[in-house]
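# Residue-level structure breakdown
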Amino acid sequence: MEEMFVNSHDFWKLSFRLVLALIVGGIIGFNRQKGGRSAGMRTFMMVSMGAALFVMIPLQAEGDSSFATTNALSRTLQGVSTGVGFLGAGLILQPSSDRGTPKVRGLTTAATVWVAAALGAATGCGLWQVSLLGAFLTLFTLSGVKRVHRKVKLHTLAEKRSLRFGWTKKKRENLPHDSEE
């Protein structure tokens, strides 16, 4: 627990935490921006660094006891997660072009913004190993799982076509291959 607390005069430790929060948010944001998502690299960097800043404030405050600081940190984390939830809601509910009623889109982007805030908070608490591991797992989820999902979806689609037309494996081998799949 002592590793979380940081002296407000320790410039290098403060800088390390904030820069790492920016890097973690930037890496995830780059992945989302590359895919053309509504929240990009700058948004993720700001969310991650903002969360780090918010949690570093009670860790630097000199309280009467470690209980008071832990209590303040807990309330800060609750506030950050709630605030980022509202940001995510803005990403999810977008106006529809036809009737003006909101459409639900961007659930993954909103969830990823929430994760970026959590990673920034972890970095702000000095848990840089957790932050780096979380960033790696986030990137794996966003990129690797998507590839697996596509392959499974294509395989399932081919199976449904075979069943719908009553094709067996032997009959399918003799058919000309579709270039669309």
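Here's a quick rundown of the structure. All figures in this text were calculated on a predicted structure; none of them were measured in a lab. (Residues numbered from 1 in each chain as written. Predicted model: local features only at pLDDT ≥ 70, side-chain atom pairs only at ≥ 80, totals over all residues. Heavy atoms only, no water.)

## Description of the overall build of the protein chain
Of regular secondary structure, the protein chain possesses six helices and two strands. Beginning at the N terminus, the succession of helices and strands in the protein chain can be written as α-α-α-β-β-α-α-α. Looking at the protein chain as a whole, 31% of its 181 residues qualify as buried. Long-range contacts, defined as pairs at least 24 residues apart, comprise 55% of the intrachain contacts of the protein chain with a sequence gap of at least 6. (Helix = DSSP H or I, 4+ residues; strand = E, 2+ residues; numbered from the N terminus. Buried < 20%, exposed > 50% of the residue type's maximum accessible area, 1.4 Å probe, protein only. Contact = heavy atoms within 4.5 Å.)

## Digging into the nonpolar core
Judged by nonpolar contacts, the single largest core of 21 residues is most densely connected at Val24, Ile28, Phe44, Val47, Val84, Val113 and Ala117. Listing elements by their share of this core, those giving two or more residues are α1 (11-34), α2 (41-60), α3 (66-92), α4 (107-124) and α5 (128-165). Filtering out sequence-adjacent residues up to four positions away, valine 113 remains in contact with Ala39, Phe44, Val47, Val84, Leu87 and Leu91. (Core = buried A, V, L, I, M, F, W, Y, C linked by side-chain atoms within 4.5 Å.)

## Section: the packing of α2 against α4
In the contact formed by α2 and α4, the axes pass within 7 Å of each other and the chain directions differ by 35 degrees. Between α2 and α4 lies a crossing whose hand is right-handed. Mapping the contact onto sequence places Phe44, Val47, Ser48, Ala51, Ala52, Val55, Met56 and Leu59 in α2 and Thr109, Thr112, Val113, Ala116, Ala117, Gly120, Ala121 and Gly124 in α4. Of the residues that constitute the contact of α2 with α4, the class distribution is eleven nonpolar, five polar and no charged. (Axes fitted to C-alpha atoms, helices over the stretch in contact; angles between N-to-C directions. Left-handed = near helix turned anticlockwise from the far one by under 90°. Nonpolar A, V, L, I, M, F, W, Y, C, P; charged D, E, K, R; others polar.)

## Looking at the packing of aromatic side chains
Following the criterion strictly, the structure yields two aromatic pairs and no others. Ring centres 5.3 Å apart and planes at 75 degrees place the aromatic pair phenylalanine 11 and tryptophan 12 in the edge-to-face group. The two residues phenylalanine 11 and tryptophan 12 agree in class, both being exposed. Taken together, a centroid distance of 6.4 Å and an interplanar angle of 85 degrees make the contact between phenylalanine 16 and tryptophan 128 edge-to-face. Taken together, the residues span a long stretch of sequence, with phenylalanine 16 in helix α1 and tryptophan 128 in helix α5 at a distance of 112 residues. The partly exposed category is assigned to tryptophan 128, whose relative accessible area is 37%. (Phe/Tyr/Trp six-rings, centres within 6.5 Å; stacked < 30°, edge-to-face > 60°.)

## Points about α2
Between its first and last C-alpha atoms α2 spans 28 Å; for 20 residues at 1.5 Å apiece the expected length is 28 Å, and the two agree. Every buried residue of α2 is accounted for by Phe44, Val47, Ser48, Met49, Gly50, Ala51, Ala52, Val55, Met56, Pro58 and Leu59. Structurally, α2 contributes buried residues whose contacts are with α1, α3 and α4. (Expected span 1.5 Å × (residues − 1).)

## Here we look at the layout of surface pockets
Each pocket or cavity is described by its volume, and for the largest pocket that value is around 390 Å³. The wall of the largest pocket is formed by 17 residues, among which Arg32, Arg37, Gly106, Thr108 and Thr109 lie closest to the centre. Secondary-structure elements contributing two or more residues to the lining of the largest pocket are α4 and α5. Among the elements that take part in the lining of the largest pocket, α4 stands out by supplying six residues, more than any other. A breakdown of the residues in the lining of the largest pocket according to their chemical character gives four nonpolar, nine polar and four charged. (1 Å grid on protein atoms, 1.4 Å probe; cavity = no way out; pocket = protein on both sides within 12 Å on 5 of 7 lines; lining within 4 Å. Points joined across faces, edges and corners; volume = space filled by probe spheres on them.)

Scope: geometric values only; no functional claims are made or implied.
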